[in-house]
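Residue strings, one per chain:
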Amino acid sequence: MDAIEALTTRRSCRSFKQEQIKNEELQTILACGLNAPSGKNKQSSKIVIVQNQEEIKELSKLNAIIFGKDVDPFYGAPTVCFIFVPKDESNGIKDGSLVIGAMQTGFYALNIGSCWINRCKEMFELEKGQQYLQKWHLEDYVGVGCCILGYVEKALPEKKILENRIIQG
Ligand SMILES: Cc1cc2nc3c(=O)[nH]c(=O)nc-3n(C[C@H](O)[C@H](O)[C@H](O)COP(=O)(O)O)c2cc1C
């Protein structure tokens, strides 16, 4: 799939096979994220990959606490990435968002489903979340977004509004 096709047809996925994605695929896509643009080319974002299913469950529960709903916000995905940026980085949220966007399009191009999941900042402000930050040596970082991924079980593509969103100035 070429870049234009991936960018114009990519959709989020919220239903995954339990089979883990191949490490080569993951490494390819992490390279997409690491090559994303960043303000002043600081490249300060960090990507944490979690594939331990017990840890994913625990982290999902932290996310659900912030969500305020007794659900699995990670939709049973076999891999979850967390994107962090330094707390004092003024372009941090923008830089981190581009990392996630590049990864999502890259995953899609490899037929791997992904979805951005919110509440990454708040879940790591919880006591248990802070313990994870300590474990990952990211105490001075803030969460930008969670990116769940895995092979697609079911796709429910969202329609896009293509009218009235471009203004010829
Ligand atoms: C900043 C941001 C936060 C999102 N948070 C969630 C979320 O918490 N849960 C979820 O299921 N999807 C979440 N999404 C996915 C959006 O719902 C999805 O991108 C949107 O419906 C458009 O669908 P598409 O990605 O298939 O184009 C988020 C997307 C973005 C960009």
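Counting restarts for each chain, with residues numbered from 1 along the sequence as it is written. Owing to the predicted nature of the model, reporting of local features is limited to residues with pLDDT of at least 70; listing and counting of side-chain atom pairs is limited to 80 or more, with chain, interface and lining totals taken over all residues. Side-chain figures throughout are based on the complete set of non-hydrogen atoms in the structure, without hydrogens or water.

All right, on to the UniProt feature "domain: Nitroreductase" (unreviewed entry) in the chain then. Annotation from UniProt places "domain: Nitroreductase" (unreviewed entry) at residues 8-121. Only DSSP runs of H or I with at least four residues qualify as helices, and only runs of E with at least two residues qualify as strands; both kinds are numbered from the N terminus onward. The span residues 8-121 is 43% helix and 17% strand, and its two end C-alpha atoms sit 29 Å from each other. UniProt positions are given in the numbering used here, feature names are shortened, and annotations may be inferred rather than shown by experiment.

This part is about the site of the ligand. Here a residue is considered near a molecule or strand provided that any single heavy atom belonging to it is located within 4 Å of it. Around the ligand lies a shell formed by R10, R11, S12, R14, Y75, C115, W116, I117, N118, R119, E158 and K160. Two N or O atoms count as a polar contact when they lie within 3.5 Å, although within protein this holds only if one can serve as hydrogen donor and the other as acceptor, and sequence-adjacent residues are included solely when both atoms are side-chain atoms. One of the backbone nitrogen or oxygen atoms of W116 is found 3.0 Å away from a nitrogen atom of the ligand. E158 places a side-chain nitrogen or oxygen 3.2 Å from an oxygen atom of the ligand. Per-residue accessibility takes into account occlusion by the displayed protein chains alone, with areas from the Shrake-Rupley method and a 1.4 Å probe. Within the complex, the protein chains bury 69% of what would otherwise be the 610 Å² of accessible surface of the ligand. Here the shell around the ligand is composed, by residue class, of 4 nonpolar, 2 polar and 6 charged. All residues other than Ala, Val, Leu, Ile, Met, Phe, Trp, Tyr, Cys, Pro, Asp, Glu, Lys and Arg, Gly among them, are scored as polar; the first ten of these are nonpolar and the last four charged.

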